[in-house]
Amino acid sequence: MLAAFVLWIGLAASAPPLQAPGEFHLTTAATRSQLDAKGAAALISSYRRSHGLGPVRVDRELMRLAQQHARAMAARNELGHNVGARFEDRVRNSSIRARLVVENVAAGQRTLAEAFAGWRDSPGHRANMLAPEVTRMGIGVARALGSKDRVFWALILASPDERGIDKGNPVLWPFLIVPRP
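Note that the coordinates shown come from a computational prediction; the quantities given were computed from them, not determined experimentally.

1. Some points on the packing of aromatic side chains
Consideration 1: Scanning the model with the defined rule gives 1 aromatic pair in all.
Consideration 2: Taking the centre distance of 5.3 Å and the plane angle of 85 degrees together, the rings of Tyr 47 and Phe 116 count as edge-to-face. Residue Tyr 47 is located in helix H2 (residues 37-49), and its partner Phe 116 is located in helix H5 (residues 112-120); the two are separated by 69 residues in the primary sequence. Phe 116 matches Tyr 47 in its accessibility class, with the two residues each being buried.

2. Comments concerning the pattern of salt bridges
Consideration 1: Using the criterion set out here, one finds 6 salt bridges in the structure.
Consideration 2: Between Arg 86 and Asp 89 there is a salt bridge; the shortest N-O distance is 3.2 Å.
Consideration 3: Note that Arg 92 is salt-bridged to Asp 89, the shortest N-O span being 3.7 Å. Placement of the pair is Arg 92 and Asp 89 together in helix H4 (residues 87-92), with a separation of 3 residues, close to one helical turn.
Consideration 4: Relative accessible area serves as the criterion here: at 29%, Asp 89 is assigned to the partly exposed category.
Consideration 5: Because the salt bridges share partners, they merge into one network encompassing Arg 86, Asp 89 and Arg 92.

Conventions adopted
- Residues numbered from 1 in each chain as written.
- Predicted model: local features only at pLDDT ≥ 70, side-chain atom pairs only at ≥ 80, totals over all residues.
- Heavy atoms only, no water.
- Phe/Tyr/Trp six-rings, centres within 6.5 Å; stacked < 30°, edge-to-face > 60°.
- Helix = DSSP H or I, 4+ residues; strand = E, 2+ residues; numbered from the N terminus.
- Buried < 20%, exposed > 50% of the residue type's maximum accessible area, 1.4 Å probe, protein only.
- Salt bridge = Lys/Arg side-chain N within 4 Å of Asp/Glu carboxyl O.

As structure tokens, this is what we get:
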């Protein structure tokens, strides 16, 4: 039994760093690459599980919002939560009904693993990924026009209002938005 434990420790120590299956990687020849959203969800879920939290799953509307924002940042070659439209307005004008909606943005990382590592190492972004109530996610990536290296990422995480607290209200109340730089 002790030998099995020592073997397990040795294997765990030599394991490669977390990477999503089918990891997104931009090359200079890529014009329209696809992001593996399920792989991103698996990566974030694994990180959350390592902190005693539940997994996230891909949400179609959050994917749409994240991709739309990544494209907006890339089109303007500008990083921020309010590029093109304020984060609160983007969420409010969507079909998302949530108690909590948070967003992580990044620029320059060429792979999902790099973007994830940047978010993991930033206290505010890490807090967003480790918000206990989060269960859904969407992620988007886009390359800035005319740039070979400038890549923009948007990750939106949410805790849907599955109880339907305010079904009659066409906007997103009640909800909490906590964008962090």
